[in-house]
Amino acid sequence: MSVPAVAQDRDEGTVDDNVIIVTAQRQAQSAQDVPIAVSAFSQAALEAQQIENSSDLQLTLPNITFTKTNFTSSSFTIRGIGDLCVGVSCDQATAIHLNDQPLFSTRLFETEFFDLERVEVLRGPQGTLFGRNATAGVVNVVTAKPKLGQFQASGDAEYGNYNAVKVKGMVNIPIGDTLAFRGSGIYVKRDGYTTNLNGGPKLDDRELYSLRGALRFEPTPDTTIDLYASYFREDDNRMRIQKQYCQRDPTGILGCLNNSREAESFNANSTFTAALSSREFLAIRGIPTAFALGSLYGPDQYAGVSIPADPRTVNTAFTPEYFTSELTFQGKIEHDFGPISAQLSGTYQKVKLDSRQDYNNNIGRRDGYAPALNTLAAAAAGLIPGLPASYFAPLAAAIIPNGPNGVLCTSDTDTIGLGVFGGNSNCATTPLQYDRSNQENSSWSAEAIISSDFDGPFNFLVGGIYADYHLTENSYYVNAFAIDYVAGLLGSFTALGGGLPPAFLGTPYFRNNTDDLTVKSYGLFGEVYFDISDKLKLTGGLRYNNDKKNVQARSTLASFLVPYSQTTNAFDSPYVGSFDADPGTPGNQIFQNRQVKFNEITGRAVLDYKITDDNLLYLSYARGYKSGGLNPPLQPIFAVPESFLPEQVDAFEIGSKNTFGDGALQLNLTAFYYKYKNLQLSKIVARTAVNENIDADIYGAEVEAIVRPDPDWTINLGFSYLHTEVKGDTFNSDPRDFGGGRSDAVIIKDITNASNCAVASGSGNAAGVNSFVNTITTVINAGLVPGVAAGANLQPTTSFPANGGIASTGAFGICSVLEAAAAGAFAGAGIDPAAFGGIEYYAAGIPKNIRGNQLPQAPQYKFSAGVQYTMNFDNGMSLVPRVDLAYTGESFGSIFNGNVNRIKGYAQANAQIQLNGTDDRWYIRGFVQNIFDSNSETGLYVTDQSSGLYTNVFTLEPRRYGIGAGFKF
């Protein structure tokens, strides 16, 4: 147990300082008597170790990591198993519970802990005791309950650097002998951590509050009714992504190279907007190249633009916005029928989330846009023969309302698909680009449990749960001035060429939208307990899982014509019939609709032996299960699985829990082995997160100790070792290296959509495949491909820098043409793939074998140590200094490993000193967190090829220090 102090004043009575009571087995037990790897923190322990939120929990717990993720979520990884699946239909590997009841899409990890009874972290698969199945484990946050017959109150105020203010309080009010109310709350406000070189206030501030109310009613000694309500709200400019790093690719084919993460800007010629606004693309479409924003072979938007090396310094013209709220209601009734106890509980949640941030955390140049904007202004004024002003005036009025030298207007992230062409815009002197991630959902669940407490050797627990989750909005947007320009320009020329009224291509931003998701799940679970002897006990458990998921989704980006004159939803366009969200279904669909069903039987068996009353040895086997889900629709369309399979893990564990010397030493040891099947893993394909399945083996060991040489000293020690590896031959394409490490491959950047593909020689002939690509490039340049005009002037293949980690060569081209050529479509023109040594085409890149690679967010080593000393004075006061140190070892942020994905190990140290008044009625403290001011990275995310393959990183907070004071009675 990683705890220096324990739960006190429980309803069952005060407990000894060496004991903490947990409900890991759905009954009140000493943590030392539970044959499960569980760590628990009381409220006092959380405060002493400065564990203020879920991110802080990871520092002292063995084999546990926590990180924010790219789309306003988080990943709580236990023993190498975390939320590597990205998408609305993904289940959590680590189940988050509030008062033993599961939460869905919760924002609980964002608030700060206050007025808790304890926090429990169970490591290993859970399902036969808790209502929601989990493959990694369970984090159970248990709030403090109202106390009957007692009036209590407490308050705490804190001030620190960054003008940080935190206030929290609690009041417990008895109402007669059988009813009590408890109310509590917290308010946090601080300035930002991140400097914006573009001026203005610091970014990444926080302002949040949370309120909680609870009623406890005990009409009889055998009946307890608990009602609970809470509300959390945050509204500030917090950043989802701390920093972006890139080893710049001078060719523009990749954007970023594959060897390291540097403070360099990515090459914007690799992006969707650069490709479709380039001279090369406009030429193949027969559009005058004077409208091009640039050339794929010329300077890009970020050429010469520096990136600040400091991870807490950015340069942005768009201030981040972050809003989230969560409303939660819970109810629970328990009644004892003699040796049989019955419990009925339920939870309702409503969650909202909306976050926007600069997409690149940098400001791009606009000088290269000047010739194109001048051409647009001329066309809008009717000064270009053959181009009617009516087709270009609406575009110019929307994006350059004050002329080509004035402000540049970018679509706002509206929900009707019109953006800047519907008057919904953000304007600035520099070209803006930003993304938005938003979500609205509600859920409810009901759970019933019956358990026994017989005097004989046999006891049982049976339960069932039904959960209903409904998501009514989930979207990820990417907006950019260049997207608006491309959507308007191509729309105008398409409409003009087709004899249609002036129109743009909708939506004028990327939007991956899940319009509706329903998850209906139920589980039946139970355990039996048999005392073979006074010392030996056998536990057996089974669970039946049933999950149904229905998803309605679509992905759009400049997908169909929308008249400039339209004022209603873009999907009301008379030309929306050309859009198909579901090519796999006959006809054109506005949405893709998919449904999946999963069911599984899992269980566990435990044999535990009490060597003495203070020494427990246990051996367990458990099968964990996490349901599969649906991948979102892609745009453009690539051949990826529509769904992904459920996860399954067979977990074997041996552990020992020991107390020596009447509590002078607690020593808990655990070793485990996991055989993992169909681990769900995400990567970006065509601007969208797609999930796949792999197999893995995991094993490791954990040590937790508390040393108390005398009552005034507490020393906490923790250590863990973890080994993870992909099992068996597993071939997967690395988005950073579509050539698969092969020197006989050419990576192609498709100028029609900015995706990548690859071609390689079947005979390993590097010269042959380069010659083949160059021949096809000549064919494209000459306009010999149907539907492709001449004049693209695409250049021959080129090598990447020697230190870039790319063995292949690269070129700009058109993937569909190369695919056809590799299939022999141009044999009649004398281009036979066999003549070049045989050519193989790879739409999704050349797969490489990742067998033996480590799983993401799985550091091999972790250790922690904490020392606390209590100096007791004769007047009843005490002074308690404490120091904590935690080290998290090196890990990887991607299954492809390699130096570019390496997350360095980091150390975090905290210190605190607290003066306690007589009878602990008041206290004053001073504190410092992150003493070394480490910029510790906890996770990373590789973006899409059409965005430049840069890496988003997530960090812990910088050094914080301050003073605080509080009271309690």
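In this text, all values refer to a predicted model and were calculated from it rather than measured experimentally.

**Considering helix α5 (residues 370-380)**
Within α5, the full set of buried residues consists of A372, L373, T375, L376, A379 and A380. Viewed end-on, α5 has its buried residues packed into an arc of 155 degrees, placing them on one side of the element. The inward-facing, buried residues of α5 contact α6 (393-399), β20 (408-411) and α7 (481-497). Backbone geometry just downstream of α5 places G382 in the positive-phi region, at approximately 75 degrees.

**A look at the environment of Q50**
Within the secondary structure, Q50 is located in the loop between α1 (43-48) and α2 (54-57). The buried category is assigned to Q50, whose relative accessible area is 6%. Taking C-alpha positions, Q50 is 7.5 Å from N910, a pair spaced 860 residues apart along the chain. In contact with Q50, other than residues within four places in its own chain, are D56, N910, A911, Q912, F927, V928 and Q929. Here the side chain of Q50 touches Q929 through a polar contact of 3.3 Å, side chain to side chain.

**Let's talk about the pattern of salt bridges**
Applying the stated rule across the entire model yields 45 salt bridges. Between K848 and D737 there is a salt bridge, with its nearest N and O atoms 3.6 Å apart. Note that K848 is positioned in strand β42 (residues 848-849) and D737 in the loop between β36 (731-732) and β37 (745-750), a separation of 111 residues in sequence.

**What to know about the confidence of the model for the chain**
When pLDDT is averaged along the chain, the result is 91, and 96% of the positions lie at 70 or above. Note that residues 1-16 has pLDDT below 50 and, in this model, 54 contacts with residues that lie over four places away or in other chains.

**A few points about the packing of helix α8 (residues 766-781) against helix α9 (residues 815-822)**
Geometry of a packed helix pair, given as the angle between the helix axes and the separation of the axes. Here α8 crosses α9 at 120 degrees, and the two axes come no closer than 11 Å. With respect to α9, the axis of α8 lies oblique. α9 is crossed by α8, and the crossing has right-handed handedness. Across the interface between the two elements, F772, V773, I776 and I780 from α8 touch V817, L818, A821 and A822 from α9. When its residues are assigned to classes, the contact of α8 with α9 shows 8 nonpolar, no polar and no charged.

Definitions and limits used
Residues numbered from 1 in each chain as written. Predicted model: local features only at pLDDT ≥ 70, side-chain atom pairs only at ≥ 80, totals over all residues. Heavy atoms only, no water. Buried < 20%, exposed > 50% of the residue type's maximum accessible area, 1.4 Å probe, protein only. Helix = DSSP H or I, 4+ residues; strand = E, 2+ residues; numbered from the N terminus. Arc of directions from axis to C-beta. Contact = heavy atoms within 4.5 Å. Polar contact = N/O pair within 3.5 Å; in protein donor to acceptor, adjacent residues only side chain to side chain. Salt bridge = Lys/Arg side-chain N within 4 Å of Asp/Glu carboxyl O. pLDDT = per-residue confidence, 0-100. Axes fitted to C-alpha atoms, helices over the stretch in contact; angles between N-to-C directions. Parallel < 35°, antiparallel > 145°, perpendicular 65-115°, else oblique. Left-handed = near helix turned anticlockwise from the far one by under 90°. Nonpolar A, V, L, I, M, F, W, Y, C, P; charged D, E, K, R; others polar.

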